[in-house]
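Descriptive analysis of the structure
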Amino acid sequence: GNICGIGVGNPFTFTGVASTGSGLWTYSGPGTASFTDNTSATSSVTVDAYGSYTFTWTETNGTCSDFDEVTVEFWEAPVFTSAGSDITQCATSTFVMGATAPTVGAGTWSEVGGPTAGLVITNVNSPTTTVTGLAAGTAVTLRWTISNGPVCGTQADDVVLTNDIQPIADAGSGGNICGIGVGNPFTFTGLASTGSGLWTYSGPGTASFTDNTSATSS
């Protein structure tokens, strides 16, 4: 069988069937095993070190004996590790992940949200894998999941990758104006592309915009 954890709070109970004579549990493994009753086929056992143990049930009846073995794996529970910070880049072809490598078990990347068509995770088990194929203007959520063995559950953390669209600034044409003040405005002929825009300026005086976020402001 499989047990998550070690020590008195994580026992394994044998399902042996006694036949005739007397029986005794012995073992081999990376640590010390403690039995509630090493002469009972249905004893419980705890260990003080993680790993694989072989337990041998030996029955003796006079000059006759027989034995049978079972293997028990004691697993260490995975510890939470971060998937890293959210990453936002501009019209990029490659993202580099920044998860923390697990100290126990192994990590796996998976896609849990967003458009995933064409997305490629180069190495799903690497905390610092590269990710390609995220279309500009889209975002995807990736999950870094830590697991160890079949019975200890998992720990997970999410990170969002955003690939922004590159804006193309077009301020339009400049020109000449006779006079200053509210009666002599200049109207821009800019073309907005994507995202948000903002007019700034340099010159000998103060400029006042009707809307400095509009490509066609005056």
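Quantities reported herein were computed from a predicted structural model and do not represent experimental measurements.

What counts and what doesn't
Residues numbered from 1 in each chain as written. Predicted model: local features only at pLDDT ≥ 70, side-chain atom pairs only at ≥ 80, totals over all residues. Heavy atoms only, no water. Helix = DSSP H or I, 4+ residues; strand = E, 2+ residues; numbered from the N terminus. Polar contact = N/O pair within 3.5 Å; in protein donor to acceptor, adjacent residues only side chain to side chain. Buried < 20%, exposed > 50% of the residue type's maximum accessible area, 1.4 Å probe, protein only. Contact = heavy atoms within 4.5 Å. Pairing = 2+ DSSP bridges. Axes fitted to C-alpha atoms, helices over the stretch in contact; angles between N-to-C directions. Phe/Tyr/Trp six-rings, centres within 6.5 Å; stacked < 30°, edge-to-face > 60°.

Observations regarding the environment of Asn-176
Secondary-structure assignment places Asn-176 in the segment after strand S14 (154–164). Taking the C-alpha atoms as reference points, Asn-176 and Phe-186, separated by ten residues in sequence, lie 8.2 Å from one another.

Comments concerning the environment of Asn-2
Topologically, Asn-2 is positioned in strand S1 (residues 2–4). C-alpha of Asn-2 to C-alpha of Val-112: the two residues are 110 residues apart in sequence and 29 Å apart in space. Within the local environment of Asn-2, its side chain forms a polar contact with the side chain of Trp-75, the two groups lying 2.8 Å apart.

Some thoughts on the side chain of Thr-56
Relative to the assigned elements, Thr-56 resides in strand S6 (residues 51–61). Judged by its relative accessible area of 13%, Thr-56 is buried. At 3.4 Å, the side chain of Thr-56 and the side chain of Glu-69 are in polar contact. Here Thr-56 is in contact with Leu-24, Trp-25, Thr-26, Phe-67, Asp-68 and Glu-69, once residues within four sequence places are set aside.

Some points on unusual backbone geometry
Positive phi, normally seen in glycine, also occurs at Ala-91, with a value near 45 degrees. Examined against the element boundaries, Ala-91 turns out to sit in the loop between strand S8 (87–90) and strand S9 (94–96).

Some details on the sheet that holds S1
Read from one edge of the open sheet, four strands run S1-S7-S6-S3, paired in mixed fashion. Of all strands in the sheet, those with a lone pairing partner are S1 and strand S3 (22–28), marking the two edges. Adjacent strand axes in the sheet meet at a mean angle of 25 degrees, parallel and antiparallel pairs treated alike. In the sheet, S6 pairs with strand S7 (residues 64–75) via eleven bridges, with the strands oriented antiparallel.

Remarks on the packing of aromatic side chains
Two descriptors summarise a pair of aromatic rings, namely the distance from one centre to the other and the angle between the planes of the rings. For the structure shown, the criterion picks out 15 aromatic pairs. An angle of 70 degrees between the planes, with centres 5.2 Å apart, marks the rings of Phe-14 and Phe-55 as edge-to-face. One end of the pair, Phe-14, is in the loop between strand S2 (12–13) and S3; the other, Phe-55, is in strand S6, and 41 residues separate them in sequence. Like Phe-55, Phe-14 is buried.

Overview of the sheet that holds strand S11 (residues 120–121)
Read across the open sheet, the three strands follow the order S9-S12-S11; overall the sheet is antiparallel. Sheet topology places S9 and S11 at the edges, where each strand pairs with a single neighbour. Looking at chain direction, S11 and strand S12 (residues 130–132) are connected through two bridges and run antiparallel. By the bridge assignment for S12, Val-120 is matched with Thr-132.

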